[in-house]
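# Report on the structure
Here is how the chains run, residue by residue.
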Amino acid sequence: MFISQQLRKKNIAEYLLYMWQVEDIVRAYDCSLTRIRREYINRFDYDDEQKEEMTDWYGNIVRMMNQEGCRVSGHLQINKIVLQQLVELNAQLLASAKFPFYTSEYYKVLPYIVELRNKKSATTQSSRNEGTEEVEVETCFNALYGMMMLRLQKKEISPDTQHAMKEITTFIGMLNDYYFKEKAGELKFED
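Residues numbered from 1 in each chain as written. Predicted model: local features only at pLDDT ≥ 70, side-chain atom pairs only at ≥ 80, totals over all residues. Heavy atoms only, no water.

### Comments concerning helix α7 (residues 136–152)
- The terminal C-alpha atoms of α7 lie 24 Å apart, and with 17 residues this matches the ideal 24 Å at 1.5 Å per residue to within 8%.
- Where α7 is concerned, the buried positions are Val137, Thr139, Cys140, Phe141, Ala143, Leu144, Tyr145 and Met147.
- Immediately beyond the C-terminal end of α7, within one or two residues, lies Lys154, with a positive phi of roughly 55°. (Helix = DSSP H or I, 4+ residues; strand = E, 2+ residues; numbered from the N terminus. Expected span 1.5 Å × (residues − 1). Buried < 20%, exposed > 50% of the residue type's maximum accessible area, 1.4 Å probe, protein only.)

### Quick look at the pattern of salt bridges
- Throughout the structure, instances matching the rule amount to 7 salt bridges.
- Across the salt bridge formed by Arg27 and Asp24, the nearest N and O atoms sit 2.9 Å from each other. Note that Arg27 and Asp24 are positioned in helix α2 (residues 12–28) at a spacing of 3 residues, about one turn of the helix.
- Among the ionic pairs, Asp30 bridges to Arg35, the shortest N-O distance being 2.9 Å.
- What makes Arg35 partly exposed here is its relative accessible area of 24%.
- Connected through salt bridges with shared partners, the residues Asp30, Arg35, Arg38 and Glu39 form a single ionic network. (Salt bridge = Lys/Arg side-chain N within 4 Å of Asp/Glu carboxyl O.)

### What to know about the environment of Glu53
- Considering the arrangement of structural elements, one finds Glu53 in helix α4 (residues 48–67).
- Between the C-alpha atoms of Glu53 and Gly74, which are 21 residues apart in sequence, the distance is 25 Å.

### Overview of the confidence of the model for the protein
- Model confidence for the protein is summarised by a mean pLDDT of 91, while 93% of its residues fall at 70 or above.
- Taken element by element, the protein is modelled with least confidence in helix α1 (residues 2–10), mean pLDDT 83, and with most confidence in helix α5 (residues 77–95), mean pLDDT 97.
- Note that pLDDT drops below 50 for residues 126–131; the model gives that stretch 3 contacts with residues more than four away or on any other chain. (pLDDT = per-residue confidence, 0-100. Contact = heavy atoms within 4.5 Å.)

### With respect to the side chain of Glu167
- Following the sequence through the fold, Glu167 ends up in helix α8 (residues 159–183).
- Discounting chain neighbours no more than four positions away, the residues touching Glu167 are Glu105, Lys108, Val109 and Tyr112.

### Quick look at the packing of aromatic side chains
- Applying the stated rule across the entire model yields 14 aromatic pairs.
- Note on Tyr102 and Phe171: the rings are 5.3 Å apart at their centroids and 35° apart in plane angle, and the pair reads as tilted. Taken together, the residues Tyr102 in helix α6 (residues 100–124) and Phe171 in helix α8 connect sequence positions 69 residues apart.
- Judged by relative accessible area, which is 0%, Tyr102 ranks as buried.
- Consider the rings of Tyr106 and Tyr107, whose centres lie 5.0 Å apart with planes at 80°: the pair is edge-to-face.
- Assessed through its relative accessible area of 7%, Tyr106 is described here as buried.
- You can call Tyr107 exposed: its relative accessible area is 53%.
- Ring-pair connections join several aromatic residues into one group, and the members of that group are Phe99, Tyr102, Tyr106, Tyr107, Phe171, Tyr178 and Phe189. (Phe/Tyr/Trp six-rings, centres within 6.5 Å; stacked < 30°, edge-to-face > 60°.)

In structure tokens, the structure reads:
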């Protein structure tokens with residue numbers, strides 16, 4: 001909760017990745033607030049008031065995950081909205097001639113996105129029959145989250161994958177910066 005509040009103000013990309021991790025933490029404890037409190041929150045060096053705040057916050061996450069049907073998989077609506085805002089901003093930036101460096105970085109990352117999608121479709125037997133295709137920005141976030149999970153598990157990461165992730169990180173970092181410029185009213189798409 002405390003981390004998410006800070007990230008939301010400073011780095012929307014890290015915020016989204018953090019919130020995806022929170023969803024997985026809640027799932028790891030079977031969406032049980034009692035277990036989250038006892039086995040997770042109590043591990044931190046928080047005072048009683050902070051632990052209560054954390055318990056309330058996780059309780060809200062558990063409630064939303066139950067209501068939105070994402071106990072097993074998927075993302076909360078609040079996280080989908082953030083991702084959609086980034087997808088829409090990406091489209092605006094690419095449609096404007098005023099952001100050539102961003103467009104250049106996008107096309108630099110695009111081959112990695114295509115490769116990731118090809119690998120994913122080869123391993124999942126194309127289970128996306130509901131007509132929704134993952135957009136480029138979402139593919140980037142899924143790749144970054146996967147990399148984060150590999151690092152947490154201390155798994156070896158190939159040099160090629162590390163290079164691809166570095167490029168994706170740069171691209172998402174640029175999108176993150178433009179997100180905050182747009183929120184501050186500093187981003188102009190037209191003259």
